[in-house]
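Architecture at a glance
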There are 2 protein chains.
Amino acid sequence: MSETSVVEARHGKAVRLKAGEAVKVINTHGTQVVDTWALRLPDFHDYMSMPHTRVAVERLIPRQGEYLVTQEREPILLLEEDTTPGIHDTLCAACDAARFRLMGFDDSHRSCAQNFNEALAELGYEFPFVPAPINLFMNIPWTDDGSISFEPTVSKPGDYVVLRAEMDAVVVFSACPQDNLRINGEERVPMPVEVEILPPVAA
Amino acid sequence: MSETSVVEARHGKAVRLKAGEAVKVINTHGTQVVDTWALRLPDFHDYMSMPHTRVAVERLIPRQGEYLVTQEREPILLLEEDTTPGIHDTLCAACDAARFRLMGFDDSHRSCAQNFNEALAELGYEFPFVPAPINLFMNIPWTDDGSISFEPTVSKPGDYVVLRAEMDAVVVFSACPQDNLRINGEERVPMPVEVEILPPVAA
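**Some details on the interface of chain A and chain B**
Taken together, the contacts link 32 residues of chain A with 32 residues of chain B. Buried surface at the junction of chain A and chain B, summed over both partners, amounts to about 2700 Å²; 54% is from carbon and sulfur atoms. Ranking the residues of chain A by area buried against chain B places Val55, Arg73 and Trp142 of chain A at the top, with a combined share of 20%. Joining chain A to chain B, the criterion identifies 2 salt bridges. Put simply, chain A and chain B have 16 residue pairs in polar contact (both at pLDDT 80 or more) between them.

If you want it as structure tokens, here you go:
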């Protein structure tokens, strides 16, 4: 009843979920950040929004049992299960060509923004811009004075989160290609992750 | 050489700035939150983005002397001067009809999202969605464990910020109509603010 796919290192993957289905995102190696988006079907007129989610949960990071909401403040994904220490990121934009240019790379460096667009295209979709994702497993601590920093993940190999769809949606994942900062682990080597579609919970 | 306008309580106002011009946003009564957006002219293909700005400044709140950047990571506004204690917000979406419905109000309650659209329309513009604004003067403290709360402003009457345009842009302000939370002061009475366009700094 379930279907597992690999999201290759530095690449993206999109999956269609019907309301009630879920997706388990497995940090196979424990070190990998996974930028994640959700777009409402059938026409993407609404989509998951971090600025609205922070207001809804009154937290910088949603916790197990809380809902990620859309621009229209409707629950789109339930963070149903989380075996990590709960460290994810809602603050940072997806990396993109401009980010890597500012770091001295040329435009051949892959990015989460590129992965978002490519993964949607593989399913025959497109979206006019790249919304701010939830960056699963990403460790961006903040200080009392508001500084943030880019630190290695704190997840163990095999840690996972389960995201349950509250409405029909396309969920997009990017195994972040960042290899300049330490966010994907001290080794700075982007790794693959796995996603597994789970059926609705039996009534 | 300068032009001062009132942004009426619960309403919005948009101004066109040429690169080098600035706008001084005066918290006339000290208690008022001002949601602020910037859209790049001539065609709005790029616009100010909080998720990109947080990454650029590596802070939750930009400080005097720092740049607010666009989706394409280009500086669009310089936070040139700030007479407040530096408490603003980049975390929260603009209030909108959905926010007030969730608080028990009907759709006649004004919102910052409505003000954004109305203010743009007054200048003959439109934008397909409401980006996450910088909420000037808004006091959303965070805790070590990531909780956020909605607290009264800490600005004094007459406190101001100066935002200098790094590119031609439309800058949109909303004197936030929130009267259910305490963000616009303990009295919960939305107030007007003033905006003054300043010429380029003489060479």
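What follows continues from the structure just given.
**Section: the sheet that holds strand E9 (residues 169-175) of chain A**
Residues and elements named next belong to chain A. Strand order in the open sheet made by the 4 strands is E2-E9-E4-E7, with antiparallel pairing throughout. The sheet terminates laterally at strand E2 (12-17) and strand E7 (134-136), the two strands that pair on one side only. Across this sheet, the average inter-strand angle for adjacent strands is 25 degrees, counted without regard to direction. With 3 bridges connecting them, strand E4 (residues 34-40) and E7 associate as antiparallel partners. Across the sheet, threonine 36 pairs through a bridge with isoleucine 134, a residue of E7. Against the sheet, helix H3 (residues 112-122) touches E2, E4 and E9, its axis set at about 140 degrees to E9.

**Thoughts on the packing of aromatic side chains**
Throughout the structure, instances matching the rule amount to 17 aromatic pairs over all chains. With 5.0 Å between their ring centres and 50 degrees between their planes, phenylalanine 44 of chain B and tyrosine 125 of chain B make a pair best called tilted. One end of the pair, phenylalanine 44 of chain B, is in the loop between strand E4 (34-40) and helix H1 (50-57); the other, tyrosine 125 of chain B, is in the loop between helix H3 (112-122) and strand E7 (134-136), and 81 residues separate them in sequence. With relative accessibility at 9%, the residue phenylalanine 44 of chain B sits in the buried group. The ring of phenylalanine 150 of chain A carries arginine 99 of chain A above its face, with NZ or CZ at 5.3 Å from the centroid.

**Quick notes on the confidence of the model for chain A**
Residues with a pLDDT of 70 or more make up 99% of chain A, whose mean pLDDT is 96. Note on the complex model: pTM 0.97, ipTM 0.97.

**A short note on the side chain of aspartate 35 of chain B**
Structurally, the position occupied by aspartate 35 of chain B is in strand E4. For the buried aspartate 35 of chain B, no salt bridge exists, and the shortest N-O distance to an oppositely charged side chain is 8.1 Å, to arginine 73 of chain A. What aspartate 35 of chain B contacts, discounting residues up to four positions off in sequence, is Ala94, Cys95, Cys112, Pro133, Ile134, Asn135, Val172, Phe173, Ser174 and Cys176 of chain B.

**Concerning the pairing of strand E6 (residues 75-82) of chain A**
Residues and elements named next belong to chain A. The pairing of strand E5 (residues 67-69) with E6 spans 3 bridges and is antiparallel. From the neighbouring strand, leucine 68 faces E6, where its bridge partner is leucine 77. Inspection of the sheet shows E6 paired to strand E8 (residues 159-165) by 5 bridges, in the antiparallel sense. Bridging across to E8, leucine 77 finds its partner in alanine 165.

**Re the relation of the copies chain A and chain B**
Once turned by 180 degrees and shifted 0.0 Å along the axis, chain A lies on chain B with an RMSD of 0.0 Å. Taken together, the rotation angle and the small translation identify this as a two-fold axis. A share of 100% of the interface residues of chain A reappears at the interface of chain B, consistent with the copies meeting face to face through the same patch.

**As for the sheet that holds strand E6 (residues 75-82) of chain B**
Residues and elements named next belong to chain B. Taken in spatial order, the 6 strands line up as E1-E10-E3-E8-E6-E5 in an open sheet, and their pairing is antiparallel. The open sheet has two edge strands, strand E1 (3-7) and strand E5 (67-69), and neither has a second partner. Going across the sheet, the axis of each strand differs from the next one's by a mean of 25 degrees, ignoring polarity. Here strand E3 (residues 22-27) pairs with strand E8 (residues 159-165) via 6 bridges, running antiparallel. Note on E8: the bridge partner recorded for lysine 24 is valine 162.

**What about H1 of chain B?**
Counted residue by residue, H1 of chain B has 7 buried out of 8 residues, so it is predominantly covered. Along H1 of chain B, the residues that are buried comprise Met50, Pro51, His52, Thr53, Arg54, Val55 and Val57 of chain B. Of the surrounding secondary structure, the elements contacted by the buried residues of H1 of chain B are helix H1 (50-57) and helix H2 (97-102) of chain A together with E5 and E7 of chain B.

Cut-offs and rules
Residues numbered from 1 in each chain as written. Chains lettered and ligands numbered in written order. Predicted model: local features only at pLDDT ≥ 70, side-chain atom pairs only at ≥ 80, totals over all residues. Heavy atoms only, no water. Contact = heavy atoms within 4.5 Å. Buried area = accessible area lost by both parts, 1.4 Å probe. Salt bridge = Lys/Arg side-chain N within 4 Å of Asp/Glu carboxyl O. Polar contact = N/O pair within 3.5 Å; in protein donor to acceptor, adjacent residues only side chain to side chain. Pairing = 2+ DSSP bridges. Helix = DSSP H or I, 4+ residues; strand = E, 2+ residues; numbered from the N terminus. Axes fitted to C-alpha atoms, helices over the stretch in contact; angles between N-to-C directions. Phe/Tyr/Trp six-rings, centres within 6.5 Å; stacked < 30°, edge-to-face > 60°. Buried < 20%, exposed > 50% of the residue type's maximum accessible area, 1.4 Å probe, protein only. Lys NZ or Arg CZ within 6 Å of the ring centre and 35° of its normal. pLDDT = per-residue confidence, 0-100. Lys, Arg positive; Asp, Glu negative; His and termini not counted. Least-squares fit on C-alpha atoms with pLDDT ≥ 70 in both.

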